[in-house]
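Each chain, written out:
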Amino acid sequence: MKKFLLGSLATAVFAFSGSVMAANFVAGKDYTVVANPGKVEVPGKIEVREFFWYGCPHCFKLEPHMQTWLKNIPKDVRFVRTPASMNPVWEQGARGYYVSEALGVRQKTHLPLFHAIHVNGQQIFDQKSQAKFFSKYGVPEAKFNSMFNSFMITSKVAQSQQLARQYQLTGVPAVVVNGKYVVQGEDAKVTQVVSYLVEKERKAK
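Residues numbered from 1 in each chain as written. Predicted model: local features only at pLDDT ≥ 70, side-chain atom pairs only at ≥ 80, totals over all residues. Heavy atoms only, no water.

J.: I would appreciate a short explanation of helix α2 (residues 57–70) in the present structure.
T.: An α-helical turn contains 3.6 residues, so a residue and the one three or four places further along point in the same direction. Taking 1.5 Å of rise per residue, the 14 residues of α2 would be expected to cover 20 Å, and the 20 Å separating its terminal C-alpha atoms lies within 8% of that figure. The sharpest bend along α2 measures roughly 35° and falls at E63, with the proline P64 sitting one to four residues further on. Burial in α2 covers these residues: C59, L62, E63, M66 and W69. (Helix = DSSP H or I, 4+ residues; strand = E, 2+ residues; numbered from the N terminus. Expected span 1.5 Å × (residues − 1). Bend = angle between axes of the 7 residues up to and from the residue. Buried < 20%, exposed > 50% of the residue type's maximum accessible area, 1.4 Å probe, protein only.)

The structure is reproduced here in structure tokens:
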């Protein structure tokens, strides 16, 4: 009985401290308020948009925490991945991401590509190396190359660049909540702050 009471007390204290921690998330310290808020793509949904680059070690460290968070994503939240294309090298990766998305292989290549780069040390950053990587997942290199610089992919890259400018991003990973707040970091605190901001937006409806 004593152990049970102590366990219950510890749980209560942990829950209380967790709620206090969430209440203490403040603008300018734990997240940034966007000066020029963006519009969400699906009205009525709270948008959580993650900007990343496959070659970014901080993005790689954040990914497991995002994967855990996504397992219990609320029904009123829409999650969007946006490959950052803020310089020529990142743009090559963004094009590859959008091609994989258009061809329906993104879900099965997303984590393996991160793994290949950060665990196996492969340099999969330009068009040629990406074409070879995606060919292992049933994407013919000719098909990949034909789409890489297509109008459709270029339009998506342009949108990514425009959003990065609008949210005044200086690096990745960066998670934008409902077009209003930017959360940066590489650990579990990122998803805690994101959940806090999602609740903040939910209450503001």
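J.: Looking at this structure, I do not really get the environment of G104. What am I missing?
T.: With respect to the element layout, G104 can be found in the loop between α3 (88–102) and α4 (106–118). Given the relative accessible area of 60%, G104 is considered exposed. Sequence separation between G104 and V139 is 35 residues, and the spatial gap between their C-alpha atoms is 9.6 Å.

J.: Where do I start with the pattern of salt bridges in this structure?
T.: When their charged atoms lie close together, side chains carrying opposite charge are able to pair. Across all of its chains, the model carries 12 salt bridges by this definition. Its salt-bridge partner being R78, residue E41 comes within 3.0 Å of it at the nearest N-O pair. Note that E41 is positioned in the loop between β1 (32–33) and β2 (46–52) and R78 in strand β3 (residues 77–83), a separation of 37 residues in sequence. Its salt-bridge partner being E50, residue R81 comes within 3.9 Å of it at the nearest N-O pair. In this pair, R81 sits in strand β3 while E50 sits in strand β2, placing the two residues 31 residues apart along the sequence. For R81, a relative accessible area of 12% gives the class buried. A residue is classified by how much of its surface remains accessible, and E50, at 1% relative accessible area, is buried. Bridged by salt links that share partners, the residues E41, E47, R49 and R78 form one connected network. (Salt bridge = Lys/Arg side-chain N within 4 Å of Asp/Glu carboxyl O.)

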